[in-house]
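Results of the structural survey
Residues per chain, in single letters:
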Amino acid sequence: MAAAADLQVLIQKFQKLSEDDFKEEDTNVFLVTCQKCLEEEEESVLLDIIQDEKNQILIRNVGWNLIGPVTKCVQNCAPDSEREKTCLEIINSLIQLCNPKEIVLGILEQIDEVVDYLSHVILFLLQPLQTVLLKLGNKKSYSVGLSLSTLHSRIASLPVPYTTEQMLEDKHSLCRCCLALVQFAQPFIHTVSQTTDLSKEPDIQAMQKELLTFCYSCLKSPLLWAQLNLLPEDGSENHFHVFAKAIMGFLLSLGESLPKVFVQRGNTAQRLETDDSVPEKETYEAESVACLSYLLFVHHIGMDSFPFVFGPSFLVKSNMDHVVVLLKRTEESVLSKGLELLEHSLLRVDNESLHEDLLDVRAVGQVLQDLVRVMTLCPIEHLRKKSLAMLQLVIDKFCVEGKYKLFRCLLKTSNHAGVQGYIIHNIKTQIDLAMKTNHQNKWFLGTRLNPLLHLSLSLPEGAETDLLQNSDRIMASLNLLRYLVIKDNENENETGIWTELFKIEQDFLKPLHTGLNMSRAHYEAEIRSTNEKKKGSHSEKPVCCVSAGGNKLPDMTPQMQLQVLQSALFTFDLMESVLARVEELIEVKLKSAPEEKIGSSKDV
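Only a predicted model underlies this, so the values are computations on that prediction, with no experimental measurement involved.

**Description of the overall build of the protein**
What the protein contains, in helices and strands, is 25 helices and two strands. Within the protein, buried positions represent 50% of all 604 residues. Within the protein, counting contacts between residues at least 6 apart in sequence, those at least 24 apart form 73% of the total. Carbon and sulfur atoms make up 49% of the accessible area of the protein, which amounts to about 29,100 Å² in all.

Following this line, the structure appears as structure tokens:
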């Protein structure tokens, strides 16, 4: 009560002064006393003083400085409490009395500087900020842009809910802030949408650019990180889905052409420099447009305003730029969006309908590399599986010649044995299809197949190849060779395997024999050494240190090491078994075929 009494004394003194008589020290004492009054929970006293007509001269001059103390008071109030309602009345009263631009700066200063209770402060100040911006008249574009930029930068710092439970709990109030931001921007969007000729209204035209910048910023954050597939159990709509629909609606209301953005903004180097209605360059960040494409083609938000004048193949080609942007990230939510966008783009086209020329597009090659990277390096299992499924979907959609070029490219560029083995398995599938259907395309038969065969039926480093590390590739190669020997009649030689047999023996079978002998001898020696160590030690304490990829793995006991070594020998046994079967089949075929039909000499 002491501060309230002091404030009354000060007010009686100031009421006797004219505007010119106020001194800086007087106003400082007044502001400090007001702050103490708020700290003592006497907000109603301060409200009465502000609303008293006798104090309007004082409040008009220094009132905007009260926004900071009132905001700090709100941070200690429970949401929707009587104290908070009184503080809101104080702010609204200040708006009626003080210079609007000073109030805007005062509010934005508090939003920009607040550390604790960020969302609470934003939700409290949004309505007053909207009110004072609307009071600015025809010169508000700069203030609206500054307000939206400040609000977005602070909201973007809030953690994004990852699960349905987190979204419903909304611990950091990000969902509430996003929905409140929609209400905040609505009247300014309406002003622009109702203007028939923006060229005659330069301030509104400037505000349109600020609003577009804001919308694209929201597409990048939080929508790029948000989980839009989550479905609350209570039947309510996903909050981020609601926010996404609002932002896409804003873009349309602002006169944005979604097809133009999708096609011409997909590559950040492509700009419509002649279009004066679009915002500045940074508005169209690649991640923002990639998110826009995701909302369009995965969730169909805004699709009603997207005319289907583009063919499915063109949409695939255009979307590849956006998929690249998403797949280069490592965050699960963004990676999953990239994979979903790729899937929905490809599902629009028929199998074997994509032309091989599409592989010459840089973005397509990058997508293939990114899929391989996610398949082999991503620590999240469901994303690895999804990437593998997407790689197969890409393969399925290309024409036969496209598949051929795709396989050659991946075999040459991928250093991962699992990926190489997967491609070799696909090659086997295509050869089988070509032999069964007898269609006109001969990309997987005859001489055209030879380069692909030699890429598949070889060891990367000859006899020195690490057979364990390359076991997936080697087994796929052996299975392919076994299939060719069994299925391709040596008299017809459709695949060319029989004329290429000598080279295959030199590049693959003989080095594999040598490698298996060397590897088996090495691992058998390791087993003997480990057994000797085991006999010499009566404890099972770790005695072996192992590193992988430069990282030290947990130490292994001799028993654990023996299990690893035995597993390696089992892999070699399997390879030798299949290799022996292949060589047996070759020998049988060679004996039964006329000598001139088989390329078993160096002259072939």
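Having seen the structure, we can now continue with the description.
**Re the pattern of salt bridges**
Per the stated rule, a full pass over the model turns up 22 salt bridges. Among the ionic pairs, Glu-352 bridges to Lys-403, the shortest N-O distance being 3.6 Å. In this pair, Glu-352 is assigned in the loop between helix H17 (332–346) and helix H18 (362–377) and Lys-403 in helix H20 (residues 400–413), connecting sequence segments 51 residues apart. We classify Glu-352 as partly exposed; its relative accessible area is 38%. Asp-432 is the salt-bridge partner of Lys-436, the closest N and O atoms lying 2.9 Å from each other. Here Lys-436 and its partner Asp-432 are both found in helix H21 (residues 417–437), four residues apart, which amounts to about one turn of the helix. Residue Lys-436 is classed as exposed on the basis of its relative accessible area of 61%.

**Some words on the layout of surface pockets**
Roughly 360 Å³ of volume is contained in the largest pocket. The wall of the largest pocket is formed by 17 residues, among which Asn-415, Ala-417, Gln-420, Pro-460 and Asn-470 lie closest to the centre. When contributions to the lining of the largest pocket are tallied by element, the ones reaching two or more residues are H21 and helix H23 (471–487). Sort the elements by how many residues they give to the lining of the largest pocket and H21 lands first, with three residues. Among the residues making up the lining of the largest pocket, the classes are represented as five nonpolar, eight polar and four charged.

**Comments concerning helix H16 (residues 312–327)**
Taking 1.5 Å of rise per residue, 16 residues should cover 22 Å, and H16 covers 21 Å from first to last C-alpha, within 8% of that figure. If you look at H16, its biggest bend is around 35 degrees, right at Met-320. Those residues of H16 not exposed but buried are Leu-315, Val-316, Ser-318, Asn-319, Met-320, His-322, Val-323, Val-324, Val-325, Leu-326 and Leu-327.

**Topic: the state of the cysteines**
Using the criterion set out here, one finds zero disulfides in the structure. Cys-215 takes part in no disulfide bond, and the closest cysteine sulfur to it belongs to Cys-218, at a distance of 6.5 Å.

**Some words on the packing of aromatic side chains**
Evaluation of the coordinates by the stated rule reveals 11 aromatic pairs. With 5.5 Å between their ring centres and 75 degrees between their planes, Phe-297 and Phe-306 make a pair best called edge-to-face. Of the two residues, Phe-297 and Phe-306, both sit in the buried class. Judged by centre distance (5.9 Å) and plane angle (65 degrees), the ring pair of Phe-407 and Phe-444 falls under edge-to-face. With Phe-407 in helix H20 and Phe-444 in the loop between H21 and helix H22 (446–456), the pair connects residues that are 37 residues apart, well separated along the chain.

**A word on helix H15 (residues 286–297)**
Taking 1.5 Å as the rise per residue, H15 with 12 residues should run 16 Å; its terminal C-alpha atoms sit 16 Å apart, in good agreement. Where burial is concerned, most of H15 is hidden: 12 out of the 12 residues are buried. All buried positions along H15 are accounted for by Ala-286, Glu-287, Ser-288, Val-289, Ala-290, Cys-291, Leu-292, Ser-293, Tyr-294, Leu-295, Leu-296 and Phe-297.

**Quick look at the side chain of Ser-477**
Considering the arrangement of structural elements, one finds Ser-477 in helix H23. Here Ser-456 takes part through its backbone oxygen, which lies 2.7 Å from a polar atom of the side chain of Ser-477. Aside from chain neighbours lying at most four places away, what touches Ser-477 is Ile-424, Ser-456, Leu-457 and Phe-508.

**What about the packing of helix H6 (residues 82–97) against helix H8 (residues 118–134)?**
At their nearest, the axes of H6 and H8 sit 10 Å apart, and the two run at 30 degrees to each other. When the axes of H6 and H8 are compared, the pair comes out roughly parallel. H8 is crossed by H6, and the crossing has right-handed handedness. Every residue of H8 that contacts H6 at Glu-84, Cys-87, Leu-88, Ile-91, Asn-92 and Ile-95 is listed here: His-120, Phe-124, Gln-127, Pro-128, Thr-131 and Val-132. Here the contact of H6 with H8 is composed, by residue class, of seven nonpolar, four polar and one charged.

What counts and how
Residues numbered from 1 in each chain as written. Predicted model: local features only at pLDDT ≥ 70, side-chain atom pairs only at ≥ 80, totals over all residues. Heavy atoms only, no water. Helix = DSSP H or I, 4+ residues; strand = E, 2+ residues; numbered from the N terminus. Buried < 20%, exposed > 50% of the residue type's maximum accessible area, 1.4 Å probe, protein only. Contact = heavy atoms within 4.5 Å. Areas by Shrake-Rupley, 256 points an atom, 1.4 Å probe, with all protein chains shown as cover. Salt bridge = Lys/Arg side-chain N within 4 Å of Asp/Glu carboxyl O. 1 Å grid on protein atoms, 1.4 Å probe; cavity = no way out; pocket = protein on both sides within 12 Å on 5 of 7 lines; lining within 4 Å. Points joined across faces, edges and corners; volume = space filled by probe spheres on them. Nonpolar A, V, L, I, M, F, W, Y, C, P; charged D, E, K, R; others polar. Expected span 1.5 Å × (residues − 1). Bend = angle between axes of the 7 residues up to and from the residue. Disulfide = S-S within 2.5 Å. Phe/Tyr/Trp six-rings, centres within 6.5 Å; stacked < 30°, edge-to-face > 60°. Polar contact = N/O pair within 3.5 Å; in protein donor to acceptor, adjacent residues only side chain to side chain. Axes fitted to C-alpha atoms, helices over the stretch in contact; angles between N-to-C directions. Parallel < 35°, antiparallel > 145°, perpendicular 65-115°, else oblique. Left-handed = near helix turned anticlockwise from the far one by under 90°.

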